[in-house]
Every structure is written in C-alpha cells, then in structure tokens.
Amino acid sequence: DQLTKYYRMSAGFLGSRDKVIRAVDGVSLEIYERETFALVGESGCGKTTLGRAMLRLVERTAGSVNYRGQDLHSLDEGSMRAMRKKLQIVFQDPFASLNPRMRVKDILAEPLRAHAYGSEARIEERCRELLEVVGLRPHLMRHYPHQFSGGQRQRIGVARALANNPEFVVCDEAVSALDVSIQAQVLNLLRDLQEQLKLTYLFITHDLSVVRQFADRIGVMFLGRLVEVGTTEEIFSNPRHPYTMFLISAVPRADPHQRNRERPVLVGDIPSPVNLPSGCRFHTRCPYAKDICRTEDPALATNDGRGVACHFPLGE
Ligand code: SF4
C-alpha cells in the first residue's frame with residue numbers, strides 16, 4: 001500500500017490551528033533483493049522520513065511496508081525486535097551517531113548484546129572481525145570515536161550496522177559529510193560489502209552525483225511524493241520529470257558534449273509542505289506548467305519499474 005507519514009505541529013498557545021506536515025504522502029515503491037536503490041531529493045522532500053518509516057523507526061500514518069511478505073508495521077513488538085537484526089541504518093554524521101564516551105568495542109558490542117549474540121569472548125571476537133571487514137585494525141577497538149578521522153568513524157558506523165548480519169541497510173546521507181576522496185573510499189567499501197554479504201541498500205542522498213556510479217535504480221522525491229523512478233542509466237540519460245531534469249543539470253559533467261544540455265530555470269519559491277499547492281505540487285516551480293497542472297495531481301504511472309508523475313513528461 002502507499003505509505004504515508006504526516007506530522008502534526010502543535011500550534012501552542014497562539015490559538016491558531018494545528019498544522020499538518022505531509023512528510024511522506026502516498027509513496028509506493030519496490031526495492032529488489034541485492035540492489036542499491038537511491039532515493040534522491042532536496043532536504044525536506046521526505047526521503048529520510050520514508051527511509052525511517054520503511055524500517056519502522058517512525059510509525060506510519062497509513063499504508064504498509066512489506067518485507068519478504070510481512071507487513072512490518074503490523075508486527076508485534078517481539079517479532080519486530082527479531083526483524084530489526086535484518087534491517088539496519090547507517091546515519092549521516094558518524095560523530096553524532098557514535099557515543100563519545102564509549103570505546104569502539106562497546107559501540108560494536110551494543111547491538112550484539114541486545115540480540116544475545118553470546119559470551120563476552122564471542123562478542124569480542126565478532127568486534128575484531130567487524131573492524132577487519134570495514135578495513136580497520138582490530139586493536140583500534142580500545143579507542144574512542146574522537147581518536148578517528150571522519151572516514152574511519154563512518155567505517156565504524158558501517159561495522160555497527162553489520163554486527164548482526166543484516167539483509168537490508170538504509171544509508172541515510174551516509175557519505176554526505178565526508179570529503180570527496182573519502183566519500184569514494186566509503187562507497188567502494190559499501191559496494192564490496194554488498195557483494196560479500198549479499199546486502200540490499202536504500203541509499204538516501206540529496207546529491208545525485210554520488211549515486212551515478214553507485215546505484216542500480218533511482219527514485220526522485222519532491223514534497224513527500226515520488227515523482228520519477230527508473231534505472232540509473234534511464235534517469236541520467238533520459239530524465240522525464242522537469243524536477244529530475246533540474247537536479248541532473250546541476251551535476252557537473254566530464255563530457256564536454258553534455259555540458260550544453262538545457263537547464264530548466266525554476267520559477268517561484270519552494271512551496272511549504274504545510275501548505276501544498278493544488279494539482280501537481282511542482283507546478284508553482286515548473287517552467288512547463290499548463291492549466292491542468294494547477295488542478296489535477298498527476299499519478300506516478302509505472303511500467304516495468306520505470307515511471308514519471310507528470311502530465312507532460314519530457315522526451316515525448
Ligand atoms: Fe510541470 Fe505540469 Fe509536469 Fe507538474 S505535471 S511537472 S507542473 S509539466
């Protein structure tokens with residue numbers, strides 16, 4: 001079912017009405033086993049909320065999340081706890097997500113203890129193994145997070161996510177805080193781990209250039225909706241939604257023949273998620289908007305995994 005997550009903002013003492021933020025507003029998407037699906041969009045488009053709702057780290061307002069035939073949001077606490085081993089997340093800021101007062105060993109041991117991994121000796125052995133898997137030397141487990149560089153801390157974040165042998169990992173802006181060269185190293189590591197451990201990734205990012213070499217498929221989000229979905233090749237070579245075209249045109253290109261590609265100039269201001277425009281919610285910014293766009297909300301029509309939510313898709 002289409003997934004929806006609304007947040008209610010309380011108006012407080014001012015007497016005005018509560019406001020509702022439609023962070024995720026009826027999104028339907030399928031992620032295939034062992035692929036990397038990138039969810040892309042500007043900040044505030046709902047991609048992080050969607051990722052968290054998919055792991056049930058936030059409760060949905062409506063809809064379902066089907067994981068291998070089970071609706072995660074209908075599971076009781078015990079079944080969800082067991083399921084959590086398979087579903088993990090790597091956060092953006094490794095420094096903020098690692099407890100500064102804990103040694104690396106305890107950071108890695110925490111999820112293992114939570115799922116009764118075994119004796120302390122087995123846990124220590126597993127921590128050693130996890131550090132090796134992410135390319136860090138095992139003796140570093142005695143150190144604290146501040147003794148590591150940003151890239152190393154993100155490796156520790158990845159190791160922690162892998163502790164209980166997950167199947168599905170959400171990487172939420174996982175390389176966004178890193179320098180470009182370190183980004184490349186962490187992306188290579190993630191790719192190797194995917195191969196070795198047969199992982200499936202949902203890779204959330206505001207930066208399309210990061211996923212060009214990394215993702216198998218891409219979904220573009222705008223104000224709580226998925227507006228385009230396709231393979232990475234399709235999205236980059238034949239973007240069909242004006243918003244996707246706008247995002248892609250901002251990606252630097254090495255190929256000089258591609259440099260002159262038209263860049264749509266967006267009009268107006270970014271609409272508020274509290275007060276969404278009628279019809280296509282991109283119409284106040286879209287240079288191609290026509291009358292119907294102001295009144296009719298285009299559905300995402302998908303065919304073989306390729307889809308676009310626009311009354312006048314580009315390239316037709
Ligand atoms: Fe632009 Fe209309 Fe397409 Fe919306 S439906 S993206 S306003 S052309």
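Residues numbered from 1 in each chain as written. Predicted model: local features only at pLDDT ≥ 70, side-chain atom pairs only at ≥ 80, totals over all residues.

1. Digging into the site of the ligand
Stage number 1. Neighbouring the ligand are 13 residues; Cys280, Cys286, Ala289, Cys293 and Cys310 lie closest to it.
Stage number 2. Its residues placed into classes, the shell around the ligand shows ten nonpolar, three polar and no charged. (Near = placed C-beta within 6 Å. Nonpolar A, V, L, I, M, F, W, Y, C, P; charged D, E, K, R; others polar.)

2. Considerations on the pairing of strand S6 (residues 87-90)
Stage number 1. Side chains Leu87 and Ile89 project from S6 onto one buried face, and the interleaved Gln88 and Val90 project onto a second face that is buried too.
Stage number 2. Sheet analysis places S6 next to strand S7 (residues 168-172), joined by four bridges and oriented parallel. Across the sheet, the residue bridging to valine 90 is cysteine 171, located in S7. (Buried ≥ 20, exposed ≤ 12 C-beta atoms within 10 Å, placed from the backbone. Helix = DSSP H or I, 4+ residues; strand = E, 2+ residues; numbered from the N terminus. Pairing = 2+ DSSP bridges.)

3. Brief notes about the confidence of the model for the protein chain
Stage number 1. Averaged over the protein chain, the pLDDT score is 90; the fraction of residues at 70 or greater is 93%.
Stage number 2. In the model output, the complex is listed with pTM 0.92 alongside ipTM 0.99. (pLDDT = per-residue confidence, 0-100.)

4. A look at the nonpolar core
Note that soluble globular proteins tend to have their nonpolar side chains buried in a common cluster.
Stage number 1. Cys171, Phe203 and Val211 are the most contacted members of the largest nonpolar core, which has 76 residues in total.
Stage number 2. Beyond its immediate chain neighbours, meaning those up to four positions away, phenylalanine 203 contacts Thr36, Phe37, Ala38, Cys171, Val211, Phe214 and Ala215. (Core = buried A, V, L, I, M, F, W, Y, C linked by C-beta atoms within 7 Å. Contact = placed C-beta atoms within 7 Å.)

5. Focus on the pairing of strand S10 (residues 225-231)
Stage number 1. Counted residue by residue, S10 has six buried out of seven residues, so it is predominantly covered.
Stage number 2. Bridge analysis of strand S9 (residues 217-222) against S10 gives six bridges, and the strand direction is antiparallel. In the strand pairing of S10, glycine 219 is matched with valine 229.
Stage number 3. Linking S9 to S10, which pair antiparallel, is a turn of two residues; within it leucine 223 sits at a positive phi near 45 degrees.
Stage number 4. Relative to strand S12 (residues 306-308), S10 runs antiparallel, the two being bridged by two bridges. Directly across from glutamate 228, in S12, lies its bridge partner valine 308.

6. Regarding the environment of lysine 19
Stage number 1. The residue lysine 19 is located in strand S2 (residues 19-27) in this model.
Stage number 2. For lysine 19, a count of 14 C-beta atoms within 10 Å corresponds to the partly exposed category.
Stage number 3. For lysine 19 and tyrosine 6, which are 13 residues apart along the polypeptide, the C-alpha to C-alpha distance reads 10.0 Å.

7. Focus on unusual backbone geometry
Stage number 1. The phi dihedral of arginine 34 is positive, around 65 degrees, even though this residue is not glycine.
Stage number 2. Within the fold, arginine 34 resides in the loop between S2 and strand S3 (36-40).

8. Focus on the sheet that holds S10
Stage number 1. Ordered by their spatial adjacency, eight strands build an open sheet running S6-S7-S8-S3-S9-S10-S12-S11, and the pairing between neighbours is mixed. Looking along the sheet, the strands with just one partner apiece sit at the ends: S6 and strand S11 (301-303). Neighbour-to-neighbour, the strand axes of this sheet turn through a mean angle of 20 degrees, independent of strand direction.
Stage number 2. Helix H1 (residues 47-54) rests against S3, S7, strand S8 (200-205) and S9 of the sheet, and its axis sits at about 155 degrees to S8.
Stage number 3. Sheet strands in contact with helix H6 (residues 150-162) are S6 and S7, and its direction is about 170 degrees off that of S6. (Axes fitted to C-alpha atoms, helices over the stretch in contact; angles between N-to-C directions.)

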